[in-house]
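# Descriptive structure summary
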Amino acid sequence: MLRSLYDWTISLAAHPRALWALAIVAFIESSVFPIPPDALMIPMIIAAPRRAFLIAGVATLSSVLGGLLGYAIGALAFDSIGFPILEALGKGDAVLEFNDRFNSMDFWPVLIAGLTPFPYKVITIMSGWTGLPLGTFIVTSIVARAGRFFLVAGLLYFFGAPIREFIERRLGLMTFLFVVLLLGGFLAVRFL
């Protein structure tokens, strides 16, 4: 089922209203949809490289707005909507334990989830549920999602289709390693 959903998402890239489809996919991916907008962005940018940064901008704006929906689900309807979504993603058991530590980490969970393959929707819902300050959530979401989507757009714009395999297979790992190094740098500065 997930494969057919993925294939359907990719087929939207060829649609005349692909930019609208991307906006919808990026919006709902931030709260409930399992397929990341990158799956739609990549073929769209390869087909029209001159629109790479417009496509990244639409994905960023829509993803952050969708993140606000996820935040609202967490803040206003966690028991009836949020927790079942997290359970379906296999994150239900970790929710209660994670709640205790979430806000003590400030903006880091949102930044890390927004940049890496970790499901961003989990963090949007958790941010609302735990009461992470809305301003912190919005600013960090903009930075993280723009960083991710504009990185993909830039790589495709400058390197074209040959970079596609790297993005699809290794970009998540490379971004995760970057975040680990970034965190390590902050910790080193703080404790040295």
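Just above, that's the structure.
In short, a report on the structure. Along each chain, the written sequence defines residue order, and numbers are assigned to residues from 1. With pLDDT at 70 or above as the cut-off, local features in this predicted model cover only qualifying residues; side-chain atom pairs require 80 or more to be listed or tallied, and sums for whole chains, interfaces and linings still use all residues. Computation of side-chain values: all heavy atoms of the structure, hydrogens and water removed.

The subject of this paragraph is helix α2 (residues 18-29). Spanning 12 residues, α2 covers 16 Å between terminal C-alpha atoms, matching the ideal 16 Å at 1.5 Å per step. Think of it in three bands: residues with accessible area under 20% of the maximum for their type are buried, residues over 50% are exposed, and the middle band is partly exposed, with areas taken using a 1.4 Å probe on protein chains only. Numbering goes from the N terminus for both helices and strands, where a helix is a DSSP run of H or I of at least four residues and a strand is a run of E of at least two. Residues of α2 that are buried: A18, A21, L22, A23, V25, A26 and E29. A helix is expected to span 1.5 Å for every residue after the first.

Moving on to the pattern of salt bridges. Two side chains bearing opposite charge may form a pair once their charged atoms approach each other closely. Salt bridges are defined as contacts in which a side-chain nitrogen from Lys or Arg sits within 4 Å of a carboxyl oxygen from Asp or Glu. Taken as a whole, this structure holds three salt bridges when the rule is applied. Between K121 and E29 there is a salt bridge, and its shortest N-O distance comes to 3.5 Å. Of this pair, K121 sits in helix α8 (residues 120-130) while E29 sits in helix α2, and the two are 92 residues apart along the sequence. This pair shows no difference in class: K121 is buried, exactly as E29 is. Between D38 and R148 there is a salt bridge, with its nearest N and O atoms 2.7 Å apart. With D38 in helix α3 (residues 38-47) and R148 in helix α9 (residues 134-159), this residue pair connects regions lying 110 residues apart in the sequence. In this structure R148 comes out as buried when scored by relative accessible area, which is 14%.

In this section: a nonpolar patch on the surface. Each patch is built from salt-bridge-free residues with over 30% relative accessible area, joining like charges within 9 Å and nonpolar side chains (Val, Leu, Ile, Met, Phe, Trp, Tyr) within 5 Å. Residue exposure ignores everything except the shown protein chains as possible cover, and the areas themselves are Shrake-Rupley values with a 1.4 Å probe. Residues F53, F150, Y157, F158 and F159 make up a contiguous nonpolar surface patch of roughly 540 Å² in combined accessible area. Looking at which element gives the most residues to the nonpolar patch, the answer is α9, with four residues. Mapped onto the secondary structure, F150 falls in helix α9.

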